[in-house]
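What follows is the residue order along each chain.
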Amino acid sequence: MSLKRIDLLICCGSGCVSAGSLKIKEKIQAVLDAKGLLHEINIIETGCMGPCDYGPVMIVYPEGIFYKKVSLDDVEELVEEHFIKGRPFKRLMLQDEEKKAISTQKDIPFYQKQVKVALSNCGYIDPEKLEEYIAQGGYEALGTVLTTMSPKDAIVLAEKSGLRGRGGGGFPTALKWKLASGSKDNQKYVICNGDEGDPGAFMDRSLLEGDPHRVLEGMMIAAYSVNANKGFFYIRAEYPLAIKRIKLAIEQAKEAGLLGKNIFGSKFSFDAEVRTGAGAFVCGEETALIHSIEGLRGHPSAKPPYPSDKGLWGKPTIVNNVETLANLPTIFLKGAEWFSSMGTETSKGTKVFALTGDVKNTGLVEVPMGITLREMIYEVGGGIVDDRDFKAVQLGGPSGGCLTKEHLDVPVDYESLKEKGAMMGSGGVIVMNDSNCMVSIAKFFLEFSVEESCGKCSPCRIGLKQMLDIMERITSGKGVDGDIDELIRLGEAIKQLSLCGLGQTAPNPVLSTIRYFRNEYEEHIREKSCSTSVCLNLMHFIIDKNKCIGCSLCARKCPVNCISGSKEDKFIISQPECVKCGTCMEVCPVKAISKIPQMHPDVKSENERLRKQKENEE
Amino acid sequence: MKTLADLKKIREKAQEEMKLRGGNVRIKIVVGMGTSGIAMGAREVMKAFLEEISQRNLTDVLVTQTGEKGLSSMEPVVDVIIEGEEKITYGNMTPEKVKKVVVEHIVNGKMVSEYVVASGN
Amino acid sequence: MYQEILSKYAPTKDNLIYILHDIQDSDPRHYLSEEAVQAVSDYLKLPANHIYGVITFYSMYSTTPRGKFIIRLCESPHCYIKGSENILKKIKNVLNVSIGETTKDGYFTLELCACLGVCGNAPVMMVNDDFYGDLTEEKIEEIITKLREVR
């Protein structure tokens, strides 16, 4: 029996690391060392446990006690209470509605509706230990496939499972494999697409960091099915930890004989390596990705020919997303029927989502397909922050659309979302409450797409920029009648004419917000008003004379000296000079200053005056 | 690693190392090993548990230890945590009492009331 | 001077991106100089303009010298909703630089970047290979002060 009496699992997904979990680990080690307990405690850095809002997060076994928001100041007490006295440290535990402490993960509401398939080991094993992956059943699937199934059998099983690409396309995985395996070429490649660039998506990062061997095993099952003998992990350079973990996993697998010649004594030989990106969102598109691996600019190419026909260096290539590959070991271990028993008619299995925005429990979640938006937002997500009103949810990042209150009972699956003008995408879900301006959000996603456009085709390069120019005019108070129709016209054209997925989907956020929030666009254009006061030119700050005590603090702090007055007359903001920094509102001791939607009449007149002046000069 | 049998060996060894995390563990026996516990014979009690469990080949049972339980008048103290049930705390344990606890509580699911000093958290 | 790095890679076109990363990371000023590009061009037998084409396509490469620490602040929607604009203002204030500029002491370069994938802890920034999340104006001061102490 091992000497260790406690397994301390510290979540070291990038989220908790950015919140300081590595520093906490160091302090725990120091405190345990000082107390002579270091040899009794196993400290394990795991991958993402899921709930980013509770981070830094830890679980202590054998009791399985879940600790949230652990800080450096808590360490001494935690060690004293739990590691020495054996008592769960209540202050760091979650509480239920009756203020009772919640002990373990399975009692936490955040986890109740989740079903972990791809994420089953994340947050539980040490991702740098091959043995821990094997303890959880790792490589059993690969061994069984290689010794008892033919590549054709493997494709049939994948087809029966109903697995669809998890990167956003939703293309049936088995079909992609069939197309590649049909080619008689001797040299074929498998590429794992780890270029997760969607703003708001961190599912793939968590998988690559938290369970790298799972993705490698999935890649090998895919490779066997299409008779490929070489694989590439293409990982974006902004994920240095993921790159490190996958490289380590490859080394470990090589040492253990799981990579190389005649794996598990079969005829299958396979080798894998890591390739990195260099900061280009478009390289998530499969043909652009392939060009990037070839050492070129990441410009997409027209399809056909598809990569399964002519891909990397002209050879048949299958490009599969990280999450797609991560599902394979469990599908091949537990069977196609088990996987297809979850989900809906057309969308089988589970999906990992990155739940962010104005929801109480942000983080990484894995749920069966077909769960409703309501369940995801209110049960898994715990509802809206500050109990404000739900306004909209954006799915699919810059390629996706938004859905509103009326869609809360829509099941989350590929077809149902498409019907409503939204898209599953790679799994980014951003929940918005009523303090958000939908026009501004759409503009942000559009800006992202304009920045990342590779420039190869005109509809995307020029068209998106034209759409952005219109959006900028609208949000700065210069919108005119006809702008909305022009946005729709441009958007539909760009969708039809663009060469690749980036251009074909970039207009979606604008088009879907126009569809469901047209009134907000009209308010911005006709009334020069932003009802949420987000668009700075379409709102103003005002000092309530009745509340103002004349202390002059706002005037003194104002960076542009646009506030004037006196103790008797109270203070007033000169609107045309105001730069909307909000400092006055922050410093007012009596909260006499507030935000009012609407461009102030003085500003409107000033703009009009300047416009006339310019006309006269020309 | 050349065969599925090789993989199985590695898996079983690794699962043993990961037992604390309780993946396949249904019952946890936690022996209080603070200074007072040890002074009253907790180490012998722990040894007795380990022997009984291994003799009966109970693979879903984990025996581990913890620090000061704070019940010094009743040391040695042992917690038995069965999945889905309330924690049962035995007090004044001796190596002789261990066999009865293993046979009646661990194997047959009935706690030995005369040794119980507390239940729940 | 670049031979040690170049010899780690086979002289094939597909190694271009890694060679450029390696050379850039090993230069204390985190950039690709003309000499570096020429050395790569000779080694891979690729025209320099092809290499510049690749460098200018990918946002992580720079042809101008940068600071010891490259601060990449995420400007994507999630971080924006959580206040990245205020963080940007604070960094600009503290360092007295604008976007794309390097501080006079050569310590910090400020850049904006696309989503870093740590959205649960927005707003987020990356400094070289380290991530800092749940940023506030106070944290920025702390982080910059600590980094200044690194030799």
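Residues numbered from 1 in each chain as written. Chains lettered and ligands numbered in written order. Predicted model: local features only at pLDDT ≥ 70, side-chain atom pairs only at ≥ 80, totals over all residues. Heavy atoms only, no water.

1. Overview of the sheet that holds strand E4 (residues 130-132) of chain C
Residues and elements named next belong to chain C. Heads up, the condition is: Note on pairing: DSSP must find at least two bridges between two strands before they are called paired. A run of H or I in DSSP becomes a helix once it reaches four residues, and a run of E becomes a strand once it reaches two; helices and strands are each numbered from the N terminus. Between the N-to-C directions of two axes lies an angle of 0 to 180 degrees, each axis being a line fitted to C-alpha atoms and, for a helix, fitted only over the stretch in contact. Any two residues whose heavy atoms approach within 4.5 Å at even a single point are treated as in contact.
If you trace the four strands from one edge of the open sheet to the other, you get E2-E1-E3-E4, paired in mixed fashion. Since the sheet does not close on itself, it has two edges, and those belong to strand E2 (108-113) and E4, each with one partner. Going across the sheet, the axis of each strand differs from the next one's by a mean of 25°, ignoring polarity. With three bridges connecting them, strand E3 (residues 125-127) and E4 associate as antiparallel partners. Residue pairing for E4: methionine 126 is matched across the bridge by phenylalanine 131. In this fold helix H6 (residues 84-95) packs onto strand E1 (69-74), E2 and E3, with an angle of close to 155° to the strand it touches most, E1.

2. Looking at the pairing of strand E8 (residues 230-235) of chain A
Residue and element names in this part refer to chain A. Operational definition: Think of it in three bands: with a 1.4 Å probe and only protein chains considered, a residue is buried below 20% of the maximum accessible area for its type, exposed above 50%, and partly exposed in between. When the strands point away from the viewer and the path from the first strand over the helix to the second turns clockwise, the crossover is right-handed.
Burial within E8 is extensive, with six of its six residues counted as buried. One ladder, built from six bridges, connects strand E7 (residues 189-194) with E8; its direction is parallel. Each residue of the ladder has a partner; that of tyrosine 189, found in E8, is lysine 230. Judged from the six bridges that link them, E8 and strand E9 (residues 271-276) form a sheet pairing that is parallel. By the bridge assignment for E9, phenylalanine 232 is matched with glutamate 273. With helix H11 (residues 240-255) bridging E8 and the parallel E9, this β-α-β connection has right-handed handedness.

3. Describing unusual backbone geometry
Residues and elements named next belong to chain A. Omega for the bond connecting tyrosine 61 with proline 62 falls within 30 degrees of zero, at 20°, which places this linkage in the cis form. On the secondary structure map, proline 62 appears in the loop between strand E3 (58-61) and strand E4 (65-67). Although it is not a glycine, aspartate 387 adopts a positive phi angle of roughly 55°. The backbone phi angle of lysine 580 is positive, close to 60°, even though this residue is not glycine. Residue placement: lysine 580 occurs in the loop between strand E18 (570-573) and helix H23 (583-587).

4. Looking at the interface of chain A and chain B
We count it as follows: In this description, buried area is defined as the sum, over both parts, of the accessible area (probe of 1.4 Å) that is lost when the two are combined. One side-chain nitrogen of Lys or Arg within 4 Å of one carboxyl oxygen of Asp or Glu is enough to make a salt bridge. N or O atoms closer than or at 3.5 Å make up a polar contact, with two conditions inside protein: a donor-capable atom paired with an acceptor-capable one, and, for residues adjacent in sequence, both atoms drawn from side chains. Residues are sorted three ways: Asp, Glu, Lys and Arg are charged, Ala, Val, Leu, Ile, Met, Phe, Trp, Tyr, Cys and Pro are nonpolar, and all the rest, Gly among them, are polar.
Counting from both sides, the interface comprises 37 residues of chain A and, opposite them, 26 residues of chain B. Roughly 2,500 Å² is buried in total at the junction of chain A and chain B, and carbon and sulfur atoms are behind 57% of that figure. Three residues stand out in chain A for area buried against chain B, namely Arg5, Pro62 and Phe264 of chain A, and they jointly supply 22% of the buried area on that side. Taken together, chain A and chain B are joined by three salt bridges. Close ionic contact of aspartate 7 of chain A with arginine 21 of chain B constitutes a salt bridge, the shortest N to O distance being 2.8 Å. Between the two partners, chain A and chain B, sit seven residue pairs in polar contact (both at pLDDT 80 or more). When contributions to the side of chain A that touches chain B are tallied by element, the ones reaching two or more residues are strand E1 (6-11), helix H5 (130-135) and helix H6 (140-148) of chain A. When grouped by side-chain class, the residues that make up the side of chain A that touches chain B number 16 nonpolar, eleven polar and ten charged.

5. A word on the interface of chain C and chain A
Between chain C and chain A, the residue contacts involve 37 residues of the former and 47 residues of the latter. At the boundary of chain C with chain A, total buried surface from both sides reaches about 3,500 Å², with 61% on carbon and sulfur atoms. Ranking the residues of chain C by area buried against chain A places Phe57, Tyr58 and His78 of chain C at the top, with a combined share of 18%. Where chain C touches chain A, the interface holds one salt bridge. Between arginine 275 of chain A and aspartate 14 of chain C there is a salt bridge whose closest N-O contact spans 3.1 Å. Viewed at the interface, chain A and chain C are joined by 15 residue pairs in polar contact (both at pLDDT 80 or more). Among the elements of the structure, helix H2 (16-26), helix H4 (48-57), helix H5 (77-81) and E4 of chain C are those that each provide at least two residues to the side of chain C that touches chain A. Sorting elements by how many residues they give to the side of chain C that touches chain A places H4 of chain C first, with five residues.

6. Re a negative patch on the surface
The condition is simple: Patch membership requires more than 30% relative accessible area and the absence of a salt bridge. Residues of like charge join within 9 Å; the nonpolar side chains Val, Leu, Ile, Met, Phe, Trp and Tyr join within 5 Å. Here the open area of atoms and residues is found with the Shrake-Rupley method and a 1.4 Å probe, where only the protein chains shown may cover a residue. His is not counted, nor are the chain ends, whereas Lys and Arg count as positive and Asp and Glu as negative. Charge coordinates come from a single atom per side chain, which is NZ of Lys, CZ of Arg, CG of Asp or CD of Glu.
On the surface, a cluster of negative charge is contributed by Glu586 of chain A together with Glu137, Glu138 and Glu142 of chain C. Examining the composition of the negative patch, we find that three residues originate from one element, helix H7 (residues 137-148) of chain C, more than from any other. Among the secondary structure elements, glutamate 137 of chain C is positioned in helix H7.

7. Section: the arrangement of the chains
Inter-chain contacts occur across two pairs of chains; the most extensive set of contacts lies between chains A and C. These two, chain B and chain C, are apart from each other, with no contact and a minimum C-alpha gap of 27 Å.

8. Some details on the sheet that holds strand E10 (residues 317-321) of chain A
Residue and element names in this part refer to chain A. The four strands lie next to each other as E9-E8-E7-E10, forming an open sheet whose pairing is parallel. This sheet does not close on itself; its edge strands, each paired only once, are E9 and E10. Strand-to-strand twist of the sheet, defined as the mean angle between neighbouring strand axes without regard to direction, takes the value 20°. In this sheet, E10 lies alongside E7 in parallel orientation, the contact comprising five bridges. From the neighbouring strand, cysteine 192 faces E10, where its bridge partner is asparagine 320. Relative to E9, H11 is tilted by about 165°, and along the sheet it contacts E8 and E9.

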